[in-house]
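Structural features, examined
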Amino acid sequence: MRLFGLLKWKPIGEHMSKNGLIFKNTFFLAFRTILSLLVSLYTTRVILEEMGASGYGLFSVIYGTVGFFVFIVLAMNDSVQRFLSMKIGSDDTQGTRDIFKNSLLIYCVFGLLLVFCLFFLKNIALQNVLNIDVVSSNTANVIYIIACLSIFILVVQTPFNALVLSYEKMSFYAYMSIYDACSKLVLAFAISHMASPDKVILYSLLLLISSVTCFVLYFIFCFINFRFALFGGRINRDFIKEIFSFSFWNVLGGFASVSRIQGLNILLNVYFSTVVNAAFAISNTVLNAINLLTQSLVTALRPQIYKSYAASDISRYRFLILMGSKFTFIFLSIISMPLIVNTQEILILWLKNPPEFGVAFVRIIVVMALIDSLSFSIMAGIQATGKIKAYQLLVGFVIFINLPISYILLKSGFSPQVIAFPLLITSIINLNLRTYFLVAKGVLSYSKYYCNVVLPCFIPIAVSFVILFYVKSFLLIDGLFYTVAFSFFSSFVTMVLLWLVAFSTDERRFCYSSIINVFRILKNKRKGL
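Predicted model only: the values in this text are computed from it and were never measured. (Residues numbered from 1 in each chain as written. Predicted model: local features only at pLDDT ≥ 70, side-chain atom pairs only at ≥ 80, totals over all residues. Heavy atoms only, no water.)

**Side note on the packing of helix 15 (residues 376-385) against helix 18 (residues 420-440)**
The N-to-C vectors of helix 15 and helix 18 enclose an angle of 35°; their axes lie 10 Å apart at closest approach. Remark: the crossing between helix 15 and helix 18 carries left-handed chirality. Residues Ile-378, Met-379, Gly-381 and Ile-382 of helix 15 form the contact with helix 18, whose participating residues are Leu-431, Arg-434, Thr-435, Phe-437 and Leu-438. Looking at the contact of helix 15 with helix 18 residue by residue, the classes come out as 6 nonpolar, 2 polar and 1 charged. (Axes fitted to C-alpha atoms, helices over the stretch in contact; angles between N-to-C directions. Helix = DSSP H or I, 4+ residues; strand = E, 2+ residues; numbered from the N terminus. Left-handed = near helix turned anticlockwise from the far one by under 90°. Contact = heavy atoms within 4.5 Å. Nonpolar A, V, L, I, M, F, W, Y, C, P; charged D, E, K, R; others polar.)

So this is what it looks like as structure tokens:
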């Protein structure tokens, strides 16, 4: 019964400040993210060795095609979390029940419709869109069906996941993320010891079982802790319409975002071999890990941003957006700089024999993720207002044009690395567009945002980049010890420059006091166990 003992949380004491709660939640999320990242990277190595480049490429392109619709799950999760947080922020218990019940109804129906559509399009996707040889056709069919069922589980789990995040129970969320990463590693080792004629199918099936287990654990946690929210809700047409409308525009923006990556995966499959897909899949694994790091801060901040706006506390609302934008970029930069500087060495240690174009794709993805990291708290600020139609249309259009531009470039005979140009340019454009929507509402000003956030972040990163590549040109970095040592050196140099340039005196004082408070809270909590 120890597992279910972990599922029980204690109410937060009155002494816990809102900023202390953010840093405490960030601590939990950062810990699970780093652990999940390490496990995920090693899992990819094991799976690549077991499946081979061609098998892993087939797995990634099928899951990428069906995963094209995973953005719907992410967009819906943000939508439900926004509505739940607004009701929680205004102490509306009955409203919380109503939002949960209506959202659960919407997503159960939507999940069934989505799976039906995916099954209907199966033959078109596998036979006419993807470049899959005849020998692999049966395997591709089975993987496609399993991937569709996994999507359905994720859709139905959305309201439960949003409930946990809205009540800011990040420790449980962290435990479940660690479970997800570790289960994939266990499954990777399991298939290496199983005599199966098709390990790609076996691994896909085991992933589905892991997803079902994760859903059951979320349900049990919510039933134990949020039973008051699970029952007593009323079906309300106005709520359904409001949730559906917000979710629709969120999904539209998510569709554009996922087309940027999964659409490129399909294009690379059309014009190149599955080995190139394997290289791009490696970069996607890195991107997913980086996005997890980014979400460590944003997930902790998002409920507070929503609740501050619901309480009309605009000063704190603005503070959280600016702090989130700067801190997310800084946090990610310290982690990502070694990936940019030591890409080749890290990939060799990670994968032994990285696919061709792997180094180029990883560097492109990391730089794009750094630019996008500035936008996440801004996006939460815009979503808090509920006015997202024009925002999603404009920003989504700019994101989506990556696909046709990349198509034209690849069809013209350019190498796979050419996708960097539309990816990076549109990321910069969208950072400014997202900022504009808050500037138009009088929350921010361009001069304040660039002077207080963008320039203080980018200047030390540029200096760090030049210093590290200059130092590396005099060194021979080979083997585990030297790669790890220079990676730590890269993070240290980046961290020092960011601390000296990016942070103001007040921000340094704020960081120091918040970290001390978090460790004091964790120490007191440990004594109370």
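**Quick notes on the environment of Met-176**
Within the element layout of this structure, Met-176 appears in helix 7 (residues 170-192). The exposure class assigned to Met-176 is buried, which follows from its relative accessible area of 6%. Spatially, the C-alpha atom of Met-176 lies 8.4 Å from that of Leu-217, the residues being 41 residues apart in sequence. Residues contacting Met-176, with those up to four places away along its chain left out, are Cys-214, Leu-217 and Tyr-218. (Buried < 20%, exposed > 50% of the residue type's maximum accessible area, 1.4 Å probe, protein only.)

**A word on the environment of Asn-269**
Tracing the backbone through its elements, the reader meets Asn-269 in helix 10 (residues 237-271). When its relative accessible area of 1% is taken as the criterion, Asn-269 is described as buried. Counting along the chain gives 11 residues from Asn-269 to Phe-280, while the straight-line C-alpha distance between them is 10.0 Å.

**Considering the packing of aromatic side chains**
Evaluation of the coordinates by the stated rule reveals 23 aromatic pairs. Seen in terms of ring centroids, Phe-280 and Phe-361 are 5.3 Å apart; in terms of plane orientation they differ by 85°. Their pairing is edge-to-face. Remark: Phe-361 occurs in helix 14 (residues 358-373) and Phe-280 occurs in helix 11 (residues 274-310); sequence separation between them is 81 residues. With respect to burial, Phe-280 and Phe-361 carry one shared label: buried. A cation over a ring is seen here: Arg-82 above Phe-83, with NZ or CZ 5.1 Å from the ring centre. Its guanidinium or amino end placed over the ring of Phe-246, Arg-82 lies 5.3 Å from that ring's centre, counting from NZ or CZ. (Phe/Tyr/Trp six-rings, centres within 6.5 Å; stacked < 30°, edge-to-face > 60°. Lys NZ or Arg CZ within 6 Å of the ring centre and 35° of its normal.)

**So, a nonpolar patch on the surface**
Together, Leu-455, Ile-459, Val-463, Ile-467, Phe-492, Met-495, Val-496, Trp-499, Leu-500 and Val-501 give the surface a local cluster of nonpolar side chains, amounting to about 860 Å² of exposed area. For the nonpolar patch, the elements supplying multiple residues, two or more each, are helix 19 (446-472) and helix 20 (479-501). It is helix 20 that provides the largest number of residues to the nonpolar patch, a total of 6 residues. Topologically, Ile-459 is positioned in helix 19. (Patch = residues over 30% accessible without salt bridge, like charges linked within 9 Å, V, L, I, M, F, W, Y side chains within 5 Å. Areas by Shrake-Rupley, 256 points an atom, 1.4 Å probe, with all protein chains shown as cover. Salt bridge = Lys/Arg side-chain N within 4 Å of Asp/Glu carboxyl O.)

**Overview of the nonpolar core**
Core analysis: the largest hydrophobic core is formed by 117 residues, its most contacted members being Leu-163, Val-164, Tyr-218, Phe-226, Ile-305, Leu-438 and Tyr-449. It is helix 12 (residues 314-341) that contributes the most residues to this core, 13 residues altogether. Beyond its immediate stretch of four places on either side in the chain, Leu-163 contacts Leu-84, Phe-100, Cys-222, Phe-226, Ala-229 and Leu-230. Core analysis: the next-biggest nonpolar cluster, separate from the first, contains 6 residues, Leu-187, Ile-191, Leu-202 and Leu-207 among them. (Core = buried A, V, L, I, M, F, W, Y, C linked by side-chain atoms within 4.5 Å.)

**A few points about the side chain of Asn-430**
Assignment of secondary structure puts Asn-430 in helix 18. Every residue in contact with Asn-430, bar those within four places of it in the chain, is listed here: Val-395, Val-398 and Ile-399.

**Re helix 13 (residues 343-351)**
An α-helical turn contains 3.6 residues, so any two residues separated by three or four positions project in the same direction. Taken together, the buried positions of helix 13 are occupied by Thr-343, Glu-345, Leu-347, Trp-350 and Leu-351. One or two positions beyond helix 13, positive phi appears at Lys-352, with a value near 70°.

**Here's the deal with the packing of helix 17 (residues 402-411) against helix 18**
Closest axis-to-axis distance for the helix 17/helix 18 pair is 9 Å, and the angle between their directions is 155°. Between helix 17 and helix 18, the crossing angle belongs to the class labelled roughly antiparallel. Here helix 17 and helix 18 pass one another in a crossing that is right-handed. Along the contact surface, helix 17 presents Asn-402, Ile-405, Ser-406 and Leu-409, while helix 18 presents Pro-422, Leu-423 and Thr-426. In terms of residue class, the contact of helix 17 with helix 18 is made up of 4 nonpolar, 3 polar and no charged. (Parallel < 35°, antiparallel > 145°, perpendicular 65-115°, else oblique.)

**Quick notes on the confidence of the model for the protein**
Residues with a pLDDT of 70 or more make up 79% of the protein, whose mean pLDDT is 77. The model gives residues 1-16 a pLDDT under 50, and that stretch makes 21 contacts with residues more than four places away or in other chains. (pLDDT = per-residue confidence, 0-100.)

**Focus on the pattern of salt bridges**
For the structure shown, the criterion picks out 1 salt bridge. Of the charged contacts, one joins Lys-472 and Glu-345 as a salt bridge, the two residues approaching to 3.3 Å between their closest N and O atoms. Taken together, the positions of Lys-472 in helix 19 and Glu-345 in helix 13 put the pair 127 residues apart, joining distant regions of the chain. The residues Lys-472 and Glu-345 share a single accessibility class, namely buried.

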